[in-house]
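Spelled out, the chains give:
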Amino acid sequence: MAAQYEEIARDLRERINAGEYPPGSQLPMMRDIAATHGVSDITVRKAFAVLTQEGLIYSRRRAGTFVREHPDRVRLTVRHRQIERDELGYYSGPEVQHWRALPHPDGEVTRVTEAPVPADVADILGCEVGELLTVRKRLVGDPANDSHRQLADSWIAAWVAAEVPVVTGSTGAGGMYDRIEEWAGRGLVWREEASARMPSPEEAEALNMPSKGVPLLRLVRVTELPGAAEGEPARVAEVQDIRMNAALFAAGYPLNRGASATWPVTPATSDYYAAPPVEDADDPS
């Protein structure tokens, strides 16, 4: 049996989803909800905490509790993920061509430092968790829209920092990717992974987003330098950890047909919903 606060949370959730409490509207006072359900204010506060964690509501000091504009109720800005290039160098998609590096609170634009590499990035780079690596930290955004911004931390592989030391300082026109390609004499390639998590207080402040109830859209871009000779494996040169407000942005990309799905296709010959055949354990074959 559900606890009383869970039942209240479910009731309010259903009313919000049904549009009884539309985005931006104020919920009834806590004491009124408590009286309606015959419970204490503490029970209602627990229900509000559940809905706040889900990102459905938020509180304004001395004003009350309001329904948040949720991602599925507002038009998301879709970031089409592809690598493009103009006279300034590489950038990730036409929607951000006009974005520029913004200053950190201390006025620094690109913060270059050495820091312990986090576990998931270390796994991609093939190094030890906590190893000190050069990281270039930037806050990038739309100069005309204060909420359209992203954090981008570029973790540079130790072999790149040793062999192309300019990447640990001012990289000049075109940036880090140009310097690596010039040194190697061949082009870089990229792949990307998308995930989500809740922001830290520092990330939420930097991105001008709520500290609770709204997740980060996290894109981890891996930069690889192909082998110089045929059969030589690629080397991971950099891992860029990109974070943005998931209430404002979604990642869009095409779904290409693989070789087995090239049109025209051969008609399917089995029932999609049928259970796969079970092998006979007594069959010697």
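Refer to the preceding data block for the structure.
Each value, and the rule that gives it
- Residues numbered from 1 in each chain as written.
- Predicted model: local features only at pLDDT ≥ 70, side-chain atom pairs only at ≥ 80, totals over all residues.
- Heavy atoms only, no water.
- Helix = DSSP H or I, 4+ residues; strand = E, 2+ residues; numbered from the N terminus.
- Rg over C-alpha atoms; globule rule 2.2 N^0.38 Å.
- Contact = heavy atoms within 4.5 Å.
- Areas by Shrake-Rupley, 256 points an atom, 1.4 Å probe, with all protein chains shown as cover.
- Lys, Arg positive; Asp, Glu negative; His and termini not counted.
- Charge placed at Lys NZ, Arg CZ, Asp CG, Glu CD.
- Axes fitted to C-alpha atoms, helices over the stretch in contact; angles between N-to-C directions.
- Parallel < 35°, antiparallel > 145°, perpendicular 65-115°, else oblique.
- Nonpolar A, V, L, I, M, F, W, Y, C, P; charged D, E, K, R; others polar.
- 1 Å grid on protein atoms, 1.4 Å probe; cavity = no way out; pocket = protein on both sides within 12 Å on 5 of 7 lines; lining within 4 Å.
- Points joined across faces, edges and corners; volume = space filled by probe spheres on them.

Colleague: I tried to follow the overall build of the chain on my own but got confused; where do I start?
Modeller: For the chain, the helix and strand inventory stands at 7 helices and 13 strands. Against the 2.2 N^0.38 benchmark of 19 Å for 285 residues, the chain shows a C-alpha radius of gyration of 25 Å, more extended than a compact globule. Each principal axis of the C-alpha distribution contributes one length, and for the chain these read about 75 × 70 × 40 Å. Sequence separation of at least 24 residues holds for 57% of the intrachain contacts in the chain that already meet a minimum separation of 6. Accessible surface computed for the chain: about 17,100 Å², of which carbon and sulfur atoms make up 52%. Measuring between centres, the 31 positive side-chain charges of the chain sit 9 Å from its 43 negative side-chain charges.

Colleague: Looking at this structure, I do not really get the packing of helix α2 (residues 30-37) against helix α3 (residues 41-53). What am I missing?
Modeller: When two helices pack together, their arrangement is given by the angle between the helix axes and the distance between those axes. Running from N to C, α2 and α3 cross one another at 110°; their axes reach a closest spacing of 9 Å. Relative to α3, the element α2 lies roughly perpendicular. On α3, the residues touching Met30, Arg31, Ile33 and Ala34 of α2 are Asp41, Val44, Arg45 and Phe48. Across the contact of α2 with α3, the residue classes break down as 5 nonpolar, no polar and 3 charged.

Colleague: What is the right way to read the layout of surface pockets from this model?
Modeller: To find the voids left in a structure, one rolls a probe of water-molecule size over its atoms. Estimates place the volume of the largest pocket at around 850 Å³. In this structure, the largest pocket is lined by 31 residues; those nearest its centre are Leu88, Tyr90, Arg138, Gly174 and Gly175. Those elements giving two or more residues to the lining of the largest pocket turn out to be β5 (89-91), β6 (100-102), β8 (132-142), β9 (145-156), α6 (176-184) and β12 (235-245). The volume enclosed by the second largest pocket comes to roughly 340 Å³. Lining the second largest pocket are 16 residues, with His104, Pro105, Leu151, Glu202 and Ala206 sitting closest to its centre. For the lining of the second largest pocket, the secondary structure elements donating two or more residues are β8, β9 and α7 (201-206).

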